[in-house]
Amino acid sequence: MQTQTVKIVVTGPFNAGKTEFIRSVSEIDVVSTEKRISATAEKIKESTTVAMDFGRITVDNDLVLFLFGTPGQKRFDFMWEILSEGMLGFIVMVDSTRPETFREARSILETFKAYAPTPYLVTANKQDLYDAWDTEDMRLALRLDPSVKILPCEATKKSSVKRVLLELLYGILKEMDDNEARQNNQEDEIS
Amino acid sequence: MALKGNLKDFSFIQLLNLVNLANKSGALYVERPGESARVLFHNGKLEYFESSNEKPELLRSLKDQKLITAYQHTLLKERLEGFSDREAGIYLVNAGYATLDQVTTALEEDYAKKFRALFDWNEGLFRFEAGELLPENKIPVHLNLENLIVEGARELQEIEELKAEIPSLDMAIKFTDRPGTDIRNICFSPTEWQVISYVNPRNTIQQIATATKLDEIEIRRVVFTLLQAGLVEIIRPGGVPLAIPGKNLPVRNPEENRSLVKRLIDRIRSI
């Protein structure tokens, strides 16, 4: 039997912690396309993802979950649409200590929502740091609807990353149930 | 948790919107070279304002609002020397110079006028100290922020900022299901009403601009105001997200899809 693959995309602004997030749960060393940063303005870390990060979780013999991390820098955004194709859901990762990236995070979120109507959630990363904004303040700053989940996260901790992935999967399951219920209602109305 | 940053990254209007929506109580400090201000909020309403350039003064506010004459101002200033604002307020009300409502309104007008100057700050550090209370010797006001926010958003001249907020005029706008503000408290201009009348998922922002004869900057400004007021959201024209053809799940029927997701859940749990 052919192995099925599904993918979840992890996106967000530059230096939000996407690579670390995938690294924390991937069973393989993350296939990373990191390059040393040349632009002085962006030199808050030594290297950045330029094409994608790629992590893998084998579920069983015939199902594999891929985690794709998008490049955070805007000039690589041509990769986003390619990576989003066929995704099961997506996670928007935001650095809680850098309000200057919130506007960009919102713009990325809107872009991915437009790519595909799949479930998503927002993670407020680096919540362990002193400067971290409160998640509810971030919700308002990002203009998230109350129905959108925003979860505190520490991308370097496996337990925290697991919680985020599980919440997304619960959301996907719920959406399936809602869709089915809607479909049943429509069928009832027709008959 | 920290609520701090720079106004160049997070505008003053956005900050006010956050304080308003979250019903925050505490002190907001903003500073830039040579200037600083402190604004106190209680449950999302402006309670007190002072800047490094000018401390609030009750008698001056009453004079500005023409509740007392310049002569009365001079006399009272001498008489009330050393009185706190609260003590001076009680004296003025008891002596019949003004009613309590007039005192409060005068302070509100004064605070709002000076507070508006902060809207022009495009850069400067800010921090919010939750729970900081108004000193007992001051008179609190309870100024709604909604109109100040809408007004401030209207005055926001920065085209770059507007372009960042609304990058493309090919998008449409629709009314939000849950507006973030109480619309009964908002006053719109005739132009804003004109734009509101065209809000429809089928109309792009560019089409609305053409219909209302607004230029690129004006339409952005109006849409930005409506966005800040929490009345509309930006969507793809037609109201339907543009989905890339392709399958989000590799299997066919709902039961199989559900089973696949449950397997993923079990696996993640076991990591």
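Here the structure is a predicted model, which means the values were calculated and not measured. (Residues numbered from 1 in each chain as written. Chains lettered and ligands numbered in written order. Predicted model: local features only at pLDDT ≥ 70, side-chain atom pairs only at ≥ 80, totals over all residues. Heavy atoms only, no water.)

### Observations concerning the overall build of chain A
Move 1: Check the secondary structure of chain A and you find 5 helices and 7 strands.
Move 2: Reading the secondary structure of chain A in the N-to-C direction produces β-α-β-β-β-α-β-α-β-α-β-α.
Move 3: Relative to its full complement of 191 residues, chain A shows a buried share of 54%.
Move 4: Across chain A, the fraction of contacts at a sequence separation of at least 24, relative to all contacts at a separation of at least 6, is 68%.
Move 5: For chain A, the accessible area works out to roughly 8600 Å², and carbon and sulfur atoms hold 49% of it. (Helix = DSSP H or I, 4+ residues; strand = E, 2+ residues; numbered from the N terminus. Buried < 20%, exposed > 50% of the residue type's maximum accessible area, 1.4 Å probe, protein only. Contact = heavy atoms within 4.5 Å. Areas by Shrake-Rupley, 256 points an atom, 1.4 Å probe, with all protein chains shown as cover.)

### Points about the interface of chain B and chain A
Move 1: Taken together, the contact pairs 44 residues of chain B with 54 residues of chain A.
Move 2: Taken together, both faces of the contact between chain B and chain A bury some 4300 Å²; the carbon and sulfur share is 60%.
Move 3: Seen at the junction of chain B and chain A, the total is 7 salt bridges.
Move 4: The closest approach of N and O atoms between A:E27 and B:R267, which form a salt bridge, is 3.5 Å.
Move 5: The interface formed by chain B and chain A holds 11 residue pairs in polar contact (both at pLDDT 80 or more) in total.
Move 6: Of all the secondary structure elements, the ones that give two or more residues to the side of chain B that touches chain A are β1 (4–6), α1 (12–21), α7 (159–165), α10 (216–228) and α11 (254–270) of chain B.
Move 7: In terms of residues, the side of chain B that touches chain A owes the most to one element, α11(B), which gives 12 residues.
Move 8: Per-class residue counts for the side of chain B that touches chain A are 26 nonpolar, 5 polar and 13 charged. (Buried area = accessible area lost by both parts, 1.4 Å probe. Salt bridge = Lys/Arg side-chain N within 4 Å of Asp/Glu carboxyl O. Polar contact = N/O pair within 3.5 Å; in protein donor to acceptor, adjacent residues only side chain to side chain. Nonpolar A, V, L, I, M, F, W, Y, C, P; charged D, E, K, R; others polar.)

### Re the pairing of strand β4 (residues 63–69) of chain A
Residue and element names in this part refer to chain A.
Move 1: Most of β4 sits inside the fold, with 7 of its 7 residues counted as buried.
Move 2: Direction of pairing for strand β1 (residues 4–11) relative to β4: parallel, over a ladder of 7 bridges. Note on β4: the bridge partner recorded for V10 is G69. (Pairing = 2+ DSSP bridges.)

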